[in-house]
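Chain and residue survey
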Amino acid sequence: CAAGAAAIRAGTEAGAANATDRIRARYRRAACLRAALASYGLTAHDDGATTGIAIADRTGRIEIVETLADLWAVAERLGGRSVDPLDPRFTAAEGA
């Protein structure tokens, strides 16, 4: 997840050489977010067509986020607890 984690921190797939690389970067970012958010009971999904990432809880509530700032607020709301982006569970997801 190192490349995906870099994209998460940057919040963008800008700089990708072509459309295929951009979509790969989006999927990597979603995979890293899924790994990091799992311990909060949340999932992340990027369908490649929507302009954001879907964050869902175990009850099926879904919110689409377009920025990382929005992601943390939505994760807290859906997860029902504080989410610290600097928590080791997020940095540990980098090495996955």
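Residue numbers restart at each chain and count upward from 1, following the sequence in its written direction. Residue-level local features of this predicted model are given only where pLDDT is at least 70; pairs of side-chain atoms are given and counted only at 80 or more, and the full residue set underlies all totals for whole chains, interfaces and linings. Only hydrogens and water are set aside; all other atoms, that is, all heavy atoms of the structure, feed into the side-chain values.

**Points about the overall build of the protein**
Within the protein one finds 4 helices and 3 strands. Residue exposure (1.4 Å probe, protein chains only): buried if accessible area is under 20% of the type maximum, exposed if over 50%, otherwise partly exposed. Put simply, the protein has 96 residues, and 34% of those count as buried. Surface exposure here means Shrake-Rupley accessible area, sampled with a 1.4 Å probe, where a residue is shielded only by the protein chains that are shown. With the model as given, the accessible surface of the protein reaches about 5300 Å², and the carbon-plus-sulfur share is 55%. Here a helix means four or more residues in a row that DSSP labels H or I, a strand means two or more in a row labelled E, and each is numbered from the N terminus.

**Topic: the nonpolar core**
Counting 14 residues, the largest nonpolar core has Leu 37, Leu 42 and Ile 55 as the members making the most contacts within it. Every element with two or more residues in this core is listed here: α2 (19-37), β1 (42-45), β2 (53-57) and α3 (68-79). Top element by residues in this core is α3. It accounts for 5 residues. Any pair of residues with heavy atoms lying within 4.5 Å of one another is described as a contacting pair. Apart from residues no more than four positions distant in its own chain, Leu 42 is found in contact with Arg 34, Leu 37, Ile 55, Ala 56, Asp 57, Ala 75, Leu 78 and Gly 79. In this description, a nonpolar core means a group of buried Ala, Val, Leu, Ile, Met, Phe, Trp, Tyr and Cys residues linked to one another through side-chain atoms lying within 4.5 Å.

**Some thoughts on the sheet that holds strand β3 (residues 62-65)**
Pairing between two strands requires that DSSP report at least two bridges joining them. Overall, antiparallel pairing links the 3 strands, which are arranged β1-β2-β3 in an open sheet. Looking at strand neighbours, the two that pair on one side only are β1 and β3, the edges of this open sheet. Taking each pair of neighbouring strands and ignoring which way they run, the sheet shows an average axis angle of 25°. Bridge analysis of β2 against β3 gives 4 bridges, and the strand direction is antiparallel. Considered in β3, the bridge of Ala 54 is made with Ile 64. Packing against the sheet, α2 makes contact with β1 and β2, and its axis sits at approximately 180° to β1. Structural elements are reduced to axes, namely lines fitted to C-alpha atoms, with helices fitted over the stretch in contact, and the angle between N-to-C directions of any two is expressed from 0 to 180 degrees. Here α3 sits on the sheet and contacts β1, β2 and β3; the angle it forms with β3, its principal contact strand, is near 170°.

**Side note on the pattern of salt bridges**
Any two side chains of opposite charge can pair, on the condition that their charged atoms come close. Salt bridge, as used here: a side-chain nitrogen of Lys or Arg that lies within 4 Å of a carboxyl oxygen of Asp or Glu. The full count for this structure, using the stated rule, is 4 salt bridges. Close ionic contact of Arg 24 with Asp 21 constitutes a salt bridge, the shortest N to O distance being 3.3 Å. One end of the pair, Arg 24, and the other, Asp 21, are both in helix α2, 3 residues apart, so they sit about a helical turn from each other. On the basis of relative accessibility, which here comes to 27%, the residue Asp 21 falls in the partly exposed class. The salt bridge partner of Arg 61 is Asp 57, with a shortest N-O separation of 2.6 Å. The class of Arg 61 is partly exposed, set by a relative accessible area of 43%.

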